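Chain by chain, the residues run as shown.
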Amino acid sequence: MKIDRLIGILSILLQKEIVTTPELAEHFEVSRRTISRDIDALCRAGIPIETRQGTHGGISIMKGFRIDRTLLTNSEMKDILAGLRSLDSVNGTNRYGQLMEKLSAGSSDFMTGGQSVLIDLSSWYRDSLAPKIEAIRRSIDSQTLLAFHYYSPSGETCRIIEPYYLIFCWSSWYVWGWCTQKADYRLFKLNRMDMLSSNTDDRFEKRNAPYPDLCNERIFPGGLRVKAVFAKECKWRLIEEFGSGCFEELPDGRLLFHADYTSRENLTTWILTFGEKAELLEPAFLREELRITISKMISLYDNKLKESIDDK
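Residues numbered from 1 in each chain as written. Predicted model: local features only at pLDDT ≥ 70, side-chain atom pairs only at ≥ 80, totals over all residues. Heavy atoms only, no water.

Colleague: When you look at the packing of helix 2 (residues 21-28) against helix 3 (residues 32-44) in this model, what are you seeing that I'm missing?
Modeller: Between two packed helices, what matters for the description is the angle formed by their axes and the separation of those axes. At a minimum axis separation of 9 Å, helix 2 and helix 3 run at an interaxial angle of 105°. Comparing the axis directions of helix 2 and helix 3 gives the class roughly perpendicular. Contact with helix 2, carried on its side by T21, P22, L24, A25 and F28, involves R32, I35 and S36 of helix 3 and no other residues of that element. A breakdown of the residues in the contact of helix 2 with helix 3 according to their chemical character gives 5 nonpolar, 2 polar and 1 charged. (Axes fitted to C-alpha atoms, helices over the stretch in contact; angles between N-to-C directions. Helix = DSSP H or I, 4+ residues; strand = E, 2+ residues; numbered from the N terminus. Parallel < 35°, antiparallel > 145°, perpendicular 65-115°, else oblique. Contact = heavy atoms within 4.5 Å. Nonpolar A, V, L, I, M, F, W, Y, C, P; charged D, E, K, R; others polar.)

Printed below as a string of structure tokens:
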């Protein structure tokens, strides 16, 4: 688009002392005549551009108008680009890639070896997340109600919300908004949302929405004091998920784990993923629940095995 090219040309002129028409034409893959018309458009918009003929000639912005480049340091620019690149990792379009090109035009070192921070916010669910993120962003920008089907441990519901913030936290994406059913602000996990729809006629008056309190105690109430024993080969996983201070090594090499957990269901599921390499010691009531669950699993598999043998 012409406006994108004009912004790109202006960005280059602000970062370079002088640039030639052929260089701009090659960069934007257009004709020299198109670049000349773009320069005229910038001049009519009030940008004081001067052109010089000759061997060292070219196009530049008058020095008195130039923005001081120290406004953004190299380090600050790289941080901005790292953030934009992270958004591109989950976005379904090339919007942020194009924006990075505009910001870094004339400074190729930002885009290649000079960039040392790479952030990838995508996941196994990128194909389904990207359209959800785009739909939510459109709903936020247009201030239209967002309707969706939601799956939670308490059951399935149809919700309508006034969306305010898209949030990436705890390795997942969420939307924060005013839920019309609950008459309060709620946080919804995108992976649990389905059948999103937004009608441009269903507009809402924007509230002075607070930022969500994302501390674990607020979002996941009901902390549990957990004590468990793990086989020594589980050390890498405990460190990865809870840090090196979450356990102490016993004389026999096993690991005595202690931490706070926020969800009974998640704790039970997590312990089971270790199989016979983990034993839950506390809390006692969850140890008993886990024992009953394992007994039911054994019964289920024994019955399946018996049915298989009987069929033969």
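Right, picking up where we left off after that structure.
Colleague: How do you make sense of the environment of I239 when you look at a structure like this?
Modeller: Here I239 lies in helix 8 (residues 235-242). In this structure, I239 is in contact with S244 and F247, ignoring residues within four places of it in sequence.

Colleague: Quick question: what am I supposed to make of the packing of aromatic side chains here?
Modeller: Aromatic ring pairs are described here by two measures, namely the spacing of the ring centres and the angle between the planes. For the structure on display, the rule yields 18 aromatic pairs. For the pair F230 and W270, a centre-to-centre distance of 5.6 Å together with 55° between the ring planes defines the contact as tilted. Placement of the pair is F230 in strand 8 (residues 224-230) and W270 in helix 9 (residues 264-272), with a sequence separation of 40 residues. Pair check on accessibility: F230 and W270 agree, each one buried. An angle of 70° between the planes, with centres 4.8 Å apart, marks the rings of F230 and F274 as edge-to-face. Of the two residues, F230 sits in strand 8 while F274 sits in the loop between helix 9 and strand 11 (278-282), which places them 44 residues apart along the sequence. Grouping residues by exposure puts F230 and F274 together as buried. Here a set of aromatic residues connected by ring pairs shows up, and it is made of F230, F242, F257, Y261, W270 and F274. Lying over the aromatic face of W178, R207 brings its terminal NZ or CZ to 4.0 Å of the ring centre. (Phe/Tyr/Trp six-rings, centres within 6.5 Å; stacked < 30°, edge-to-face > 60°. Buried < 20%, exposed > 50% of the residue type's maximum accessible area, 1.4 Å probe, protein only. Lys NZ or Arg CZ within 6 Å of the ring centre and 35° of its normal.)

Colleague: In this structure, what is going on with a nonpolar patch on the surface? I would like to understand it.
Modeller: On the surface, a cluster of nonpolar side chains totalling about 560 Å² of accessible area is made up of L272, I294, M297, I298, L300 and Y301. In this fold, L272 is placed in helix 9. (Patch = residues over 30% accessible without salt bridge, like charges linked within 9 Å, V, L, I, M, F, W, Y side chains within 5 Å. Areas by Shrake-Rupley, 256 points an atom, 1.4 Å probe, with all protein chains shown as cover. Salt bridge = Lys/Arg side-chain N within 4 Å of Asp/Glu carboxyl O.)

Colleague: I would appreciate a short explanation of the pairing of strand 8 in the present structure.
Modeller: In the case of a regular strand, side chains alternate between the two sheet surfaces. Most of strand 8 sits inside the fold, with 5 of its 7 residues counted as buried. Where strand 8 meets strand 10 (residues 255-261), 7 bridges bridge the pair, whose relative direction is antiparallel. Bridge pairing in strand 10 links A228 to F257. Taken together, the 4 bridges between strand 8 and strand 11 define a ladder with antiparallel strand orientation. Bridge pairing in strand 11 links V229 to E279. (Pairing = 2+ DSSP bridges.)

Colleague: Honestly, the sheet that holds strand 11 in this entry has me stumped. Any pointers?
Modeller: Within a sheet, adjacent strands bond to each other through the backbone by hydrogen bonds, running parallel or antiparallel. Ordered by their spatial adjacency, 4 strands build an open sheet running 9-10-8-11, and the pairing between neighbours is antiparallel. Each edge of the open sheet carries a strand with a single partner, namely strand 9 (247-249) and strand 11. The average angle at which neighbouring strand axes cross in this sheet is 20°, direction not considered. Here helix 8 sits on the sheet and contacts strand 8, strand 9 and strand 10; the angle it forms with strand 10, its principal contact strand, is near 25°.

Colleague: Would you mind going over the nonpolar core with me for this structure?
Modeller: Considering soluble globular proteins, one finds that nonpolar side chains tend to be buried as a cluster. Formed by 21 residues in total, the largest nonpolar core has its most connected members in F230, L238, F257, L267 and W270. Among the elements of the structure, strand 8, strand 10, helix 9, strand 11 and helix 10 (284-311) are those that each provide at least two residues to this core. Aside from chain neighbours lying at most four places away, what touches L267 is L224, V226, Y261 and L286. The next biggest cluster of nonpolar side chains, apart from the first, holds 17 residues, and it includes A25, I39, A41 and L42. (Core = buried A, V, L, I, M, F, W, Y, C linked by side-chain atoms within 4.5 Å.)

Colleague: What exactly am I supposed to notice about unusual backbone geometry here?
Modeller: Backbone phi values are negative for most residues with the exception of glycine, while trans is the configuration of most peptide bonds. Looking along the chain, the bond that leaves E282 and enters P283 is cis, with omega of 0°. Looking at where P283 falls in the secondary structure, it is placed in the loop between strand 11 and helix 10. One non-glycine residue, E29, lies in positive phi territory at about 55°. Mapping E29 onto the fold places it in the loop between helix 2 and helix 3. Positive phi, close to 55°, is recorded for A183, a residue that is not glycine.

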